[in-house]
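Now for the letters of each chain:
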Amino acid sequence: MTEAILLVGGRGTRLRPLTVHTPKPMVPAAGVPFLTHQLARARAAGVEHIVLATSYLAEVFEPHFGDGSALGLRLEYVTEEEPLGTGGAIRNVASRLHSGPDEPVLIFNGDILTGLDIRALVQTHRTSGADVSLHLTKVADPRAYGLVPTDGTGRVTAFLEKPQTPEEIVTDQINAGAYVFRRSVIDTIPEGRPVSVERETFPDLLAAGAHLQGMVDSTYWLDLGTPAAFVRGSSDLVLGRAPSPAVPGRCGDRLILPTASVATDAKLTGGTVVGEGAFVGEGARISGSTLLAGAVIEPGAVITDSLIGARSRIGERSVVSGAVIGDGAVVGADNELRDGVRVWCDARIPAGAVRFSSDQ
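Named according to an unreviewed UniProt entry, the protein chain is NDP-sugar synthase originating from Streptomyces lannensis. Listed in UniProt under the heading Sequence similarities (unreviewed entry), the comment for the protein chain reads: "Belongs to the transferase hexapeptide repeat family."

This is the structure in structure tokens:
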């Protein structure tokens, strides 16, 4: 296998305000754009040529990654004029592929952090003779996902919508967002219109008698679609729980990028990342959080499980927990922000303006 398609066109609406100025795959995780981890893992698995299917803020990708040579890859970029869905995006880039009709093409989504054994998925595809092979993972509570049952040989038998009752939960296997397509199958996807591979392509192929093979790999898997999940994914990369050859430093409790400044008595734990040019003041305590480039944490602030946007500022003694602070926002001293609050880009919160508990 030498080719792959990477779907990076989503608008990342669930991650706003992180994605106001930055497409979701380019939001930094463990010190580098999340997409860097996916590209590095694909290269480590033997992929040489990757076509990026872009749409939202498409102009951001190529200036950063160029032709891919720095990562040992050949990268190409194809931009959708109108959003085409997962299947439509795959079809839209088909002309850039060089594989023969029966050769495998790896396809993966730009918002999944996974420890998937990519080589094993390709080998499963080859040995089973499948038209499409899917990475499946097991989840404890599958009610939020479409279910993918398989027979004793791993062959997919159905694609089921999110179960509404306990009786409908016939398996704990779900579609994990990575596939291997026989190259010729990609050309059967309708061209020039939105197509969902999950809701249209796969069920139609199954109904037509195609061979869809599932491979269960229940190593690390996380959909980074929400702010809480994204922060957790970044922390897990730093802690070494999620595998990536692209983490710019040793795994441990914290990752401090070279131009950052951290006070000697500040405490950083839980896979915290301090981005380029960021500053952490005296007595600050930061756990499981990501500070993007140029962020400032003033003395005595406490940051937990949060993402602090580029060039934003958290005032003295403020407490930020489970929150997202947009790029350029300023949170004054003695505020308390908790439990999913999102502060928009360039917003200004005066000192002592927001509390979840008494100020005494």
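What follows picks up the thread again.
Participant: When you look at the overall build of the protein chain in this model, what are you seeing that I'm missing?
Facilitator: Tallying secondary structure elements over the protein chain gives seven helices and 28 strands in all. Here the protein chain has a C-alpha radius of gyration of 22 Å; the compact-globule value for 360 residues is 21 Å, and the two agree. Seen through its C-alpha atoms, the protein chain measures out along the principal axes to roughly 70 × 50 × 35 Å. Residues counted as buried form 56% of the 360 residues belonging to the protein chain. Charge-centre separation for the protein chain: the mean point of 32 positive side chains lies 3 Å from the mean point of 41 negative side chains.

Participant: Looking at this structure, I do not really get the UniProt feature "domain: Nucleotidyl transferase" (unreviewed entry) in the protein chain. What am I missing?
Facilitator: In the numbering used here, UniProt assigns the feature "domain: Nucleotidyl transferase" (unreviewed entry) to residues 4–236. Across residues 4–236, the secondary structure splits into 26% helix and 23% strand, with the terminal C-alpha atoms separated by 25 Å.

Participant: For this particular structure, what's the right way to read the pairing of strand β1 (residues 3–7)?
Facilitator: Here is the key point about a regular strand: its side chains alternate between the two faces of the sheet. Most of β1 is tucked away, with five of its five residues classed as buried. Residues of β1 alternate between two faces, with Glu3, Ile5 and Leu7 on one and Ala4 and Leu6 on the opposite face, all of them buried. Pairing of β1 with strand β4 (residues 49–54) involves five bridges; the strand directions are parallel. By the bridge assignment for β4, Leu6 is matched with Leu52.

Participant: Would you explain the side chain of Ser244 in this entry?
Facilitator: Relative to the elements of secondary structure, Ser244 occurs in the loop between α7 (227–239) and β12 (254–256). Side-chain polar atoms of Ser244 contact the side chain of His37, separated by 2.6 Å.

Participant: Hey, could you run me through the sheet that holds β1 in this one?
Facilitator: Either a parallel or an antiparallel arrangement is found when strands of a sheet pair, and the pairing is made through backbone hydrogen bonds. Spatial strand order, β5-β4-β1-β6-β9-β8-β10: seven strands in an open sheet with mixed pairing. The open sheet terminates on both sides in strands that have one partner only, identified here as β5 (74–79) and β10 (212–216). Taken over all neighbouring pairs, the strand axes of this sheet differ in orientation by 25° on average, direction set aside. The strands touched by helix α6 (residues 197–207) are β8 (132–138), β9 (173–182) and β10; relative to β9, the strand with the most contacts, the crossing angle is about 65°.

Here is what the cut-offs are and how they apply
Residues numbered from 1 in each chain as written. Predicted model: local features only at pLDDT ≥ 70, side-chain atom pairs only at ≥ 80, totals over all residues. Heavy atoms only, no water. UniProt positions renumbered as here; feature names shortened; annotations may be inferred. Helix = DSSP H or I, 4+ residues; strand = E, 2+ residues; numbered from the N terminus. Rg over C-alpha atoms; globule rule 2.2 N^0.38 Å. Buried < 20%, exposed > 50% of the residue type's maximum accessible area, 1.4 Å probe, protein only. Lys, Arg positive; Asp, Glu negative; His and termini not counted. Charge placed at Lys NZ, Arg CZ, Asp CG, Glu CD. Pairing = 2+ DSSP bridges. Polar contact = N/O pair within 3.5 Å; in protein donor to acceptor, adjacent residues only side chain to side chain. Axes fitted to C-alpha atoms, helices over the stretch in contact; angles between N-to-C directions. Contact = heavy atoms within 4.5 Å.

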